[in-house]
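Commentary on secondary and tertiary structure
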Amino acid sequence: MFGCSHGQSKLSDKVGIQTYLEENKVSVRIDSAATLNLSRFDPHFSKAKLILLGETHGSQLNEVLDINLFKYLYKHHGVRYYLAENGYGMGLRINEYIQTGDTQLLKSIFQQLDGSFSYTNQNYDRIVQLRDFNASLPPHAKITYLGIDIEQRTGTGIQAIRRFLVMDTGLYPPSIKGALLQIEYLSSKSFTSAMGFCAYF
């Protein structure tokens, strides 16, 4: 919390933050989604422009709280943007799944997450639940999933770059045009082919 400030935090700032947290803490019991009541937080939610949820790595409750908090914020506060601790390219891929329901895409995404904290059944289910929730919404009120972290998976980054390419290659400087064309015309959109292309790129 103090790492985002410029310079050293004053002791009075730290005491003020600790006092605020002490005065505003609320115990939340997560026996099931049906019993999760977040209304006590509404005064804080209604004033906020950004709501962040912390986590404990390895806890299955992260995903339960995460999806239910987002649904609550959508329903009661009109929140439609889900900011995720994913790279920007990964966020584009997950958002594409959430909009389309392409199960092969979701499988490809999870192959890329293998070996990370995100490679869990609970995270997979959370993303499927986001897709199901989005599918239940009217066309004018869909959600958007955004990755806001550094891209950790090179192949995912290459796949994301492809989405920004346009057919009019005259817009690009000659020095990079060849590489961009190679990205555009990769024979396969798979993560493996993207990784194999990275050395060339």
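For the structure, see preceding data.
Residues numbered from 1 in each chain as written. Predicted model: local features only at pLDDT ≥ 70, side-chain atom pairs only at ≥ 80, totals over all residues. Heavy atoms only, no water.

Formed by 21 residues in total, the largest nonpolar core has its most connected members in I94, Y97, I98, I109, L130, I143 and Y145. Those elements that place two or more of their residues in this core are α3 (61-77), β1 (81-87), α4 (88-100), α5 (103-113) and α6 (121-135). When residues of this core are assigned to their parent elements, the largest contribution, 5 residues, is made by α5. Not counting chain neighbours up to four residues away, the residues in contact with I143 comprise F70, Y74, R80, N95, I98, Q99, L130, F133, N134 and L137. Formed by 7 residues, the second largest nonpolar core is a distinct cluster that contains L36, L38, L69 and Y72. (Core = buried A, V, L, I, M, F, W, Y, C linked by side-chain atoms within 4.5 Å. Buried < 20%, exposed > 50% of the residue type's maximum accessible area, 1.4 Å probe, protein only. Helix = DSSP H or I, 4+ residues; strand = E, 2+ residues; numbered from the N terminus. Contact = heavy atoms within 4.5 Å.)

At a closest axis distance of 7 Å, the pairing of α4 and α6 adopts a crossing angle of 45 degrees. Judged by the inter-axis angle, α4 sits oblique to α6. In this structure, the crossing between α4 and α6 has a hand that is right-handed. Residues I94, Y97, I98, Q99 and T100 of α4 form the contact with α6, whose own contacting residues are I127, V128, L130, R131 and N134. Residue classes in the contact of α4 with α6 are distributed as 6 nonpolar, 3 polar and 1 charged. (Axes fitted to C-alpha atoms, helices over the stretch in contact; angles between N-to-C directions. Parallel < 35°, antiparallel > 145°, perpendicular 65-115°, else oblique. Left-handed = near helix turned anticlockwise from the far one by under 90°. Nonpolar A, V, L, I, M, F, W, Y, C, P; charged D, E, K, R; others polar.)

To continue, consider the side chain of N86. Position of N86 relative to the elements: it lies in strand β1. Separated by 2.5 Å, the side chains of N86 and Y145 make a polar contact. Setting aside its immediate chain neighbours within four residues, N86 contacts G91, I94, Y145, G147, I148 and D149. (Polar contact = N/O pair within 3.5 Å; in protein donor to acceptor, adjacent residues only side chain to side chain.)

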